[in-house]
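These are the residues of each chain, in order.
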Amino acid sequence: MLKLYGYWCSSAAYRVRIACHHKRLAFESKAVNLALDGGEQHLPGYGVLSPAALIPTLVDGDLILNQSLAIIEYLDEAYPDNPLLPDHPTDRAQVRSMAMQIACDCHPLNSQRVMKYLSQKLKQNEAQQRDWYCHWVKRTFDGLEAQLERTAATYCFGDQLTLVDVCVIPEYETAQQCGVDLSQYERLAGIVARCRKLDCFSLAAPQSQPDALQGR
């Protein structure tokens, strides 16, 4: 069985859980508590799996794989049922490009370790940290909302659930929880509402994870 190392409220781990449930892949969740005693991701045992001390990590037999987009693309190729990338090369490239706007341009700037650095090293107060977070979310969603005018239908890229939706939903939900004003993103809001009705999103949701239920 696949093993997925993650944390219940990690957006990157959330993406991979969505992909696994969409593709109906059984997997064992292995909790890595990012908040306990400085973070379990820094423990030597986990360092064998992720030298960079990041989550998520997928273990599939002898394969140990880090980085959420690489994991999802591997799953899409190794387990091709219910694909998350379109068949045509130009469509696949567009989906990757849109997904990377979230996973590569936005999320890393607002990750836990960056926010911790702003707070502890640069002595930014809560208001300054919030301004930082909101700035990069809105910059990303502004561009994405404009793109959706030509790509969206039921989902972000036509009527097939794709890697874009898998990346967008965790980022959107985190922004909501942080109080970012998302009222101007009408197309995106409609897609999020439709995605939330799917089992793969409800099963993967942070509040449904064992480590969340156990108070970890």
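Residues numbered from 1 in each chain as written. Predicted model: local features only at pLDDT ≥ 70, side-chain atom pairs only at ≥ 80, totals over all residues. Heavy atoms only, no water.

If you look the protein up in an unreviewed UniProt entry, it shows as Maleylacetoacetate isomerase from Ferrimonas pelagia. Quoted straight from UniProt, the Sequence similarities (unreviewed entry) entry for the protein says "Belongs to the GST superfamily. Zeta family." (UniProt positions renumbered as here; feature names shortened; annotations may be inferred.)

A. Here's a closer look at the pattern of salt bridges. All chains considered together, the criterion is met by 6 salt bridges. In this structure, the salt-bridge partner of Arg96 is Glu73, at a minimum N-O distance of 2.8 Å. With Arg96 in helix α4 (residues 89-106) and Glu73 in helix α3 (residues 68-78), this pair connects stretches of sequence that are 23 residues apart. Close ionic contact of Glu149 with Arg187 constitutes a salt bridge, the shortest N to O distance being 3.9 Å. (Salt bridge = Lys/Arg side-chain N within 4 Å of Asp/Glu carboxyl O. Helix = DSSP H or I, 4+ residues; strand = E, 2+ residues; numbered from the N terminus.)

B. Representation of the pairing of strand β3 (residues 57-60). On β3, burial covers both faces: Thr57 and Val59 on one face and Leu58 and Asp60 on the other are all buried. Looking at chain direction, strand β1 (residues 2-6) and β3 are connected through 3 bridges and run antiparallel. Paired with Lys3 across the two strands is Val59, which belongs to β3. Looking at chain direction, β3 and strand β4 (residues 63-66) are connected through 4 bridges and run antiparallel. The residue of β4 that forms the bridge with Val59 is Ile64. Hairpin remark: β3 followed by β4, antiparallel, with 2 residues in the connecting loop; positive phi at Gly61, about 65°. (Buried < 20%, exposed > 50% of the residue type's maximum accessible area, 1.4 Å probe, protein only. Pairing = 2+ DSSP bridges.)

C. Main features of helix α6 (residues 126-151). With 26 residues, α6 should reach 38 Å at 1.5 Å per residue; the first-to-last C-alpha distance of 36 Å fits that figure. Each element contacted by the buried residues of α6 is listed here: α4, α5 (112-120), α7 (163-177) and α8 (186-195). For α6, the capping residue at the N-terminal end is Asn125, with a side-chain oxygen 3.1 Å from the backbone nitrogen of Ala127. (Expected span 1.5 Å × (residues − 1). Contact = heavy atoms within 4.5 Å. Polar contact = N/O pair within 3.5 Å; in protein donor to acceptor, adjacent residues only side chain to side chain.)

D. Representation of helix α1 (residues 11-22) in the model. The end-to-end C-alpha distance of α1 is 16 Å, a good match for the 16 Å that 12 residues give at a rise of 1.5 Å each. In terms of residue burial, α1 counts as a mostly covered element, since 11 of its 12 residues are buried. For α1, the complete set of buried residues consists of Ser11, Ala12, Ala13, Tyr14, Arg15, Val16, Arg17, Ile18, Ala19, Cys20 and His22. Close packing links the buried residues of α1 with β1, β2 (27-31), α3, α4, α7 and α9 (199-204). Where α1 begins, one side-chain oxygen reaches toward the backbone nitrogen of Ala12, 3.4 Å away; that side chain belongs to Ser10.

E. Representation of the pairing of β2. Note that β1 and β2 share 5 bridges and pair parallel. From the neighbouring strand, Gly6 faces β2, where its bridge partner is Ala31. You can see the chain leave β1, run along α1 and come back into β2, and the turn it takes is right-handed. (Right-handed = clockwise from strand over helix to strand, strands pointing away.)

F. Expanded view of the side chain of Thr162. Within the secondary structure layout, Thr162 lies in the loop between α6 and α7. What makes Thr162 buried here is its relative accessible area of 0%. Beyond its immediate sequence surroundings of up to four residues, Thr162 is in contact with Leu84, Val95 and Phe157.

G. Highlighting the UniProt feature "domain: GST N-terminal" (unreviewed entry) in the protein. Mapped onto this numbering, the UniProt entry gives "domain: GST N-terminal" (unreviewed entry) at residues 1-83. Counted over residues 1-83, helix gives 33% and strand 22%. Its end C-alpha atoms are 20 Å apart.

H. A look at the nonpolar core. One finds Leu75, Phe141, Leu163, Val168 and Leu188 to be the most contacted residues of the largest nonpolar core, which totals 54 residues. A total of 8 residues in this core trace back to one element, the largest contributor, which is α7. Excluding its chain neighbours within four sequence positions, the residues that come into contact with Leu163 are Leu69, Ile72, Leu84, Leu85, Val95 and Ala99. Counting residues in each nonpolar core, the second largest holds 8 residues, with Tyr5, Val32, Leu34 and Ile55 among its members. (Core = buried A, V, L, I, M, F, W, Y, C linked by side-chain atoms within 4.5 Å.)

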